[in-house]
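# Structural overview
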Amino acid sequence: MPQAPLHCQFPPHFVWGVATSSFQIEGAAHADGKGESVWDRFCKQPGAIADASNGDIACDHYNRLEEDLDLIASLGVNCYRFSVAWPRVQPLGQGNWNPKGLDFYERLVDGLKARGIQAFATLNHWDLPQGLQERGGWNERNTVHRFVDYARHVQARLGDRLDGLTTHNEPWVVAVLGHEQGSFAPGIKSRGIAAQVSHHLLLSHGLALQALRADGARSPLGIVLNLSSCVPATAMPADIAAARMADARGRRWYADPLFKGCYPDEVLAELGADAPIVQPGDMAAIEQPMDYLGVNYYARTVVAASGADWDARQRGLPVTDMGWEIYPQGLADLLCLLHRDYPGLPPVYVTENGGAFKDQAVVNGRVQDDDRIAYLREHIAAVASALQQGVPMAGYMVWSLMDNFEWASGYQKRFGIVHVDYRTLARTPKASADWYRDFLKAWRG
Ligand code: IFM
């Protein structure tokens, strides 16, 4: 049977967006009373960032807000996902609030609303105030309570105009890359600390949801997880078992507490003495009803029992400039797995999906990024397939609106559908931006 055109496979209320985060685009690192974040500090460590860059200027979004709002509107999206920089709002992460910080986000939210675009805010996209890090950061239970205060403060000012309020973006990254592998801020290398950090992130999510609802939350509340479909490298039982374990560590360690109120036993057993301290009532606090789940998907994970890296590039499979395999079917598989494992799954948004590619330089005002267009089209088709299979899909957001600071890779990796010239800061929509605009126009009919 011939398939309907892709744009016809999505309902009229579907949410289509582009996504960014504060540290990656805002710059203005010291403007208007902003405090230092763990990423400001981490960038100063020699060798931490591939091109020795930092977020001081980034895309200068803080100073180009109106231009960027017009840019977002020009894409025809009905949603924009951004994050609030905690140290802009509360420079030390406790104590004094900085009203100028929330003034900026209020201008952003009102600017979106004036353009008919939904506003999806994230409270923690990794830029923890350095002042809290100096008191132990996410390894300290006190940070959980400071996060709840911060969440309430943001909601009190913006909550009436938000269409989604996300507690954390990708807690796995903060825990594992930030505290076990040490390749991301704050650069700690300890499995035990990483496990405790993951528990505190989840606990702060649950306690924040309780507090926000007690305060009369008017916007939907949720969390965003980075997830991957884990598949065994071969049909050998050892590889199958290794893939199951990888899935338990990466997906179920986060999703099981949120939807079932418990950590997977096999991961607790593996952690042994490194397992987190969980106080009575913590798991019930984490398992709060959520209004939505955000899923960030980039690639599948192929797992071998030997622990050997399975390198898609070496096997001649298509990869992005990050070296991540391009595997759209993995997105459909993952979404169906979530639907199967968690009965009563709330509406699901793909809150990030996209690819870094070695884009051609701007030629006659044009960046012809055909590989990114193919990537987006195929992953959107995977979302359509999940929808057809009954997954409660509610939206899809491209990562990212524009090229930006790609964490430890600095400015060397370009994920944007809008090109940024880092010398002039000029923005130039790529061919993928035109493709997305045309796709959305066709969908609107
Ligand atoms: O740039 C990041 C983003 O901040 C979080 N998700 C993955 C993206 C690409 O690495």
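For the structure, see preceding data.
Overview of the structure. (Residues numbered from 1 in each chain as written. Predicted model: local features only at pLDDT ≥ 70, side-chain atom pairs only at ≥ 80, totals over all residues. Heavy atoms only, no water.)

### Observations concerning the side chain of Asp256
Structurally, Asp256 is set in helix α10 (residues 237-260). Contacts of Asp256, omitting those with residues within four sequence positions, involve Gly261, Cys262, Pro264 and Tyr342. (Helix = DSSP H or I, 4+ residues; strand = E, 2+ residues; numbered from the N terminus. Contact = heavy atoms within 4.5 Å.)

### A word on empty space enclosed by the protein
As enumerated under the stated definition, the model contains three cavities of 30 Å³ or more in all. Space inside the largest cavity adds up to approximately 100 Å³. For the largest cavity, the lining is made up of 13 residues, of which Val38, Trp126, Val174, Ala185 and Pro186 are closest to its centre. Where the lining of the largest cavity is concerned, the elements lending two or more residues are α2 (38-42) and α8 (171-179). (1 Å grid on protein atoms, 1.4 Å probe; cavity = no way out; pocket = protein on both sides within 12 Å on 5 of 7 lines; lining within 4 Å. Points joined across faces, edges and corners; volume = space filled by probe spheres on them.)

### Description of the site of the ligand
In the region of the ligand, the neighbouring residues are Gln24, His125, Trp126, Asn169, Glu170, Tyr298, Trp324, Glu352, Trp399, Glu406, Trp407 and Phe415. For the ligand, an oxygen atom lies 2.8 Å from a polar atom in the side chain of His125. Between Glu352 and the ligand, the recorded distance is 2.5 Å, taken from a side-chain N or O atom to a nitrogen atom. Taken by itself the ligand offers 280 Å² of open surface, and the protein chains cover 95% of this. Within the shell around the ligand, the residues separate by chemical class into six nonpolar, three polar and three charged. (Near = heavy atom within 4 Å. Polar contact = N/O pair within 3.5 Å; in protein donor to acceptor, adjacent residues only side chain to side chain. Areas by Shrake-Rupley, 256 points an atom, 1.4 Å probe, with all protein chains shown as cover. Nonpolar A, V, L, I, M, F, W, Y, C, P; charged D, E, K, R; others polar.)

### A short note on the state of the cysteines
Throughout the structure, instances matching the rule amount to zero disulfides. Take Cys43: it sits in no disulfide, and the sulfur closest to it among the cysteines is that of Cys59, at 14 Å. Owing to a relative accessible area of 10%, Cys43 belongs among the buried residues under this scheme. Cysteine Cys230 remains unbridged, with the sulfur of Cys336 as its closest cysteine sulfur at 16 Å. According to the relative accessible area criterion, Cys230 is partly exposed, its value standing at 22%. (Disulfide = S-S within 2.5 Å. Buried < 20%, exposed > 50% of the residue type's maximum accessible area, 1.4 Å probe, protein only.)

### Remarks on the nonpolar core
By size, the foremost hydrophobic cluster in this structure holds 140 residues, and its most contacted members are Trp39, Phe82 and Tyr436. Residue contributions to this core peak at nine residues, all from helix α9 (residues 191-214). In this view, Tyr436 contacts Trp16, Gly17, Val18, Val77, Ile380, Tyr396, Val398 and Ile417; residues no more than four positions away in its chain are not counted. (Core = buried A, V, L, I, M, F, W, Y, C linked by side-chain atoms within 4.5 Å.)

### What about the packing of aromatic side chains?
This structure, assessed with the given rule, holds 38 aromatic pairs. Where Phe82 meets Tyr105, the ring centres are 6.5 Å apart and the plane angle is 10°; that geometry is what we call stacked. One end of the pair, Phe82, is in strand β2 (residues 79-83); the other, Tyr105, is in helix α5 (residues 99-114), and 23 residues separate them in sequence. A relative accessible area of 0% places Tyr105 in the buried class. Seen in terms of ring centroids, Phe357 and Tyr375 are 6.3 Å apart; in terms of plane orientation they differ by 70°. Their pairing is edge-to-face. Of this pair, Phe357 sits in the loop between β9 (348-352) and α14 (370-388) while Tyr375 is found in helix α14, placing the two residues 18 residues apart along the sequence. For Tyr375, a relative accessible area of 2% gives the class buried. In this structure, Arg300 is placed above the aromatic ring of Tyr327, and the distance from its NZ or CZ to the ring centre is 3.9 Å. (Phe/Tyr/Trp six-rings, centres within 6.5 Å; stacked < 30°, edge-to-face > 60°. Lys NZ or Arg CZ within 6 Å of the ring centre and 35° of its normal.)

Note that all results are geometric; they support no functional claim without further evidence.
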